[in-house]
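Overview (structure and organization)
Below, each chain spelled out in residue letters.
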Amino acid sequence: MTVREFEARARRILDPVHYDYIAGGARDEVTVRANEAGFARLSLLPRVLGGTAERDSAVSILGTRASMPVLVSPTAFHRLVCAEGEIATGRAAARADTILIASMASTVAIREVAAAARAAATDRDPALWFQLYLQPDPQDTLALVRRAAAAGCTALVVTVDSPVLGVNERNVRNRFHDLPPGLACENLRNLRGDEPDTVRRIGMSPELNWDDVDRLRAHTKLPVLLKGVLHPEDARIAVDRGVDGLLLSNHGGRQLDTVPATIELLPEFAAVAGRKVPVLLDGGVRRGTDVVKALALGATAVGIGRPLVWGLAVAGEEGALRVLELLRAELDHTLALCGARGVKDLTPDLVRSAQAGAR
């Protein structure tokens with residue numbers, strides 16, 4: 001009945017090493033815990049006598065329509081928990097009529113994910129974006145962009161919070177440093193013509209800078225969003241340089257530990273960027289009330305990562321779809337109880353600090 005029940009069941013049935021990879025975060029996992037706790041510290045202050053029998057939850061982001069403001073954030077290695085992996089994810093997101101941000105580190109190639117999503121969304125084009133790490137060799141980056149565009153992706157979500165890989169101490173203790181035999185990051189297979197059937201490793205570089213983002217934008221007509229910008233000044237720079245959108249994300253607590261919960265950063269972040277570009281948020285979303293709080297404080301939509309993977313682990317495509325539909329139902333119920341006719345009625349005055357009594 002709840003996202004947390006899916007996680008509890010997934011923990012019982014998964015290989016403990018794989019469960020730790022998904023559930024864990026960097027170092028002491030302070031930020032992993034903070035993301036959920038940040039929502040719990042906020043209260044909703046509803047309005048009354050202004051609702052309607054049916055509520056409108058649809059959103060449009062950079063020309064991509066979704067039936068609800070709950071998107072699938074990029075997460076890696078879905079075949080660790082489900083035999084079909086990202087094929088099942090693509091079908092579930094398409095059936096829920098929402099945006100899937102497909103991971104560059106997918107265990108299924110983006111063309112196959114897109115084909116599965118199209119087969120499931122028989123009456124419309126599926127909403128599919130592609131998450132990208134800028135590679136040290138720009139030609140590798142452009143090859144990935146071409147693959148995403150050819151598959152039908154309509155936006156690029158560039159992760160910028162990973163100059164180096166975060167240290168997950170659960171993985172270190174479990175000696176989990178690579179995928180099991182038979183699994184690979186399929187988007188990096190045959191990336192270069194002179195390396196047949198080679199799967200390249202994802203490269204990270206602390207030397208990447210804003211100019212690299214500019215060069216990417218010069219080579220693609222797709223909208224470019226940045227994922228992992230946390231500091232408001234960086235949000236301002238991104239907007240000034242023409243980035244099309246921002247995904248406020250701390251990587252689920254998997255990169256730099258002790259950074260704030262994303263919901264705590266959202267009001268200031270939205271004040272800087274929200275009037276100019278769409279601001280999405282992920283990290284800690286587990287209930288429809290969390291979705292409403294984020295939208296009221298300035299997010300255009302929210303993303304979920306781990307909850308979707310727990311659904312996949314428990315029941316494949318149907319489990320992933322069930323997680324999305326649970327959040328849709330909870331969102332609609334919360335909108336009704338807040339006196340809202342739809343997501344456009346959500347404003348900052350509906351949210352209060354549970355401790356201080358003021359927003």
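Below you will find a few notes about this structure. Values in this document were obtained by computation on a predicted structure and should not be read as measured data.

A tally of regular secondary structure across the chain gives 12 helices and 12 strands. In terms of overall size, the chain behaves like a compact globule, its C-alpha atoms giving a radius of gyration of 19 Å where 359 residues would be expected to give roughly 21 Å. The C-alpha extent of the chain, read off along each of the three principal axes, is 65 × 45 × 45 Å. Put simply, 75% of the contacts in the chain that link residues at least 6 apart link residues at least 24 apart. Carbon together with sulfur atoms contributes 50% to the accessible area of the chain, which is approximately 15,800 Å² in total. Across the chain, 44 positive and 44 negative side-chain charges occur, with their mean positions spaced 3 Å apart.

Among the five residues that make up strand β6 (residues 128-132), five are buried, leaving the element largely enclosed by the rest of the structure. Here β6 shows no split at all, with L128, F130 and L132 on one side and W129 and Q131 on the other all buried. As a crossover connection, the stretch from strand β5 (residues 100-102) through helix α5 (residues 110-120) into β6 is right-handed. Relative to strand β7 (residues 156-159), β6 runs parallel, the two being bridged by three bridges. In the strand pairing of β7, L132 is matched with V158. Assessed by its sense of winding, the connection that carries the chain from β6 through helix α6 (residues 138-151) to β7 is right-handed.

Ranked by size, the top nonpolar core spans 119 residues in total, and within it L246, L266 and L281 carry the most contacts. Per-element accounting of this core gives the leading share, 14 residues, to helix α12 (residues 306-337). For L266, the residues in contact, after removing those within four places along its chain, are L248, V279, L281, A294, L297, G298 and A299.

As a further point, take helix α4 (residues 86-95). α4 sits mainly inside the fold: eight of its 10 residues count as buried. Among the residues of α4, those classed as buried are E86, I87, A88, T89, G90, A92, A93 and A94. Buried positions along α4 lie against β4 (70-72), β5, α5 and α12. D97, located one to two residues past α4, shows a positive phi value of around 60°.

Now for the pattern of salt bridges. Scanning the model with the defined rule gives 28 salt bridges in all. One salt bridge in this structure joins R328 and E325, with 2.7 Å as the shortest N-O distance. Taken as a pair, R328 and E325 lie in helix α12 at a separation of three residues, close to a single helical turn. On the basis of relative accessible area, R328 is assigned to the partly exposed category, the value being 22%. One network of salt bridges, with partners in common, ties together E84, R91, R95, E317 and E318.

As a further point, take the packing of helix α9 (residues 232-240) against helix α10 (residues 262-273). Across the interface, α9 lies against α10 with an axial gap of 9 Å and an inter-helix angle of 25°. If you check the angle between α9 and α10, you find them roughly parallel. Handedness of the crossing formed by α9 with α10: right-handed. Within the contact between the two elements, α9 uses P232, A235, R236 and V239 and α10 uses E268, F269, V272 and A273. Looking at side-chain class alone, the contact of α9 with α10 contains six nonpolar, no polar and two charged residues.

What counts as what
The residue numbering used here restarts from 1 in each chain and proceeds along that chain's sequence as written. Reporting of local features is limited, given that this is a predicted model, to residues whose pLDDT is at least 70; pairs of side-chain atoms are given and counted only at 80 or more, and all residues count toward the totals for whole chains, interfaces and linings. Heavy atoms from the whole structure form the basis of all side-chain values; hydrogens and water molecules are not counted. Segments assigned H or I by DSSP are reported as helices when at least four residues long, segments assigned E as strands when at least two residues long, and all are numbered from the N terminus. In this setup the radius of gyration rests on C-alpha atoms only. A globule is expected at 2.2 Å times the number of residues raised to 0.38. Contact between two residues is taken to exist if any of their heavy atoms lie within 4.5 Å; hydrogens are not considered. Per-residue accessibility takes into account occlusion by the displayed protein chains alone, with areas from the Shrake-Rupley method and a 1.4 Å probe. By the counting rule applied here, Lys and Arg register as positive and Asp and Glu as negative, while His and the ends of each chain are not counted. A single reference atom marks each charge: NZ on Lys, CZ on Arg, CG on Asp, CD on Glu. Only protein chains enter the accessibility calculation, which uses a 1.4 Å probe; a residue is then buried when its area is under 20% of its type maximum, exposed when over 50%, and partly exposed in between. The definition of a right-handed crossover adopted here requires that, viewed with the strands pointing away, the path from the first strand over the helix to the second runs clockwise. By the convention used here, strands pair only if DSSP detects at least 2 bridges between them. To qualify as a nonpolar core, a set must consist of buried Ala, Val, Leu, Ile, Met, Phe, Trp, Tyr and Cys residues joined through side-chain atoms within 4.5 Å. For salt bridges, the criterion is a side-chain nitrogen of Lys or Arg within 4 Å of an Asp or Glu carboxyl oxygen. Every axis corresponds to a line fitted to the C-alpha atoms, with the helix fit spanning only the stretch in contact, and the corresponding angles, defined between N-to-C directions, vary from 0 to 180 degrees. Comment on the angle field: the value is read as roughly parallel under 35 degrees, roughly antiparallel over 145, roughly perpendicular from 65 to 115, and oblique elsewhere. Throughout, a crossing is termed right-handed when the near helix is turned clockwise from the far one, and left-handed when it is turned anticlockwise from it by less than a right angle. Residue polarity is assigned by list, with Asp, Glu, Lys and Arg as charged and Ala, Val, Leu, Ile, Met, Phe, Trp, Tyr, Cys and Pro as nonpolar; anything else, Gly included, falls into the polar class.

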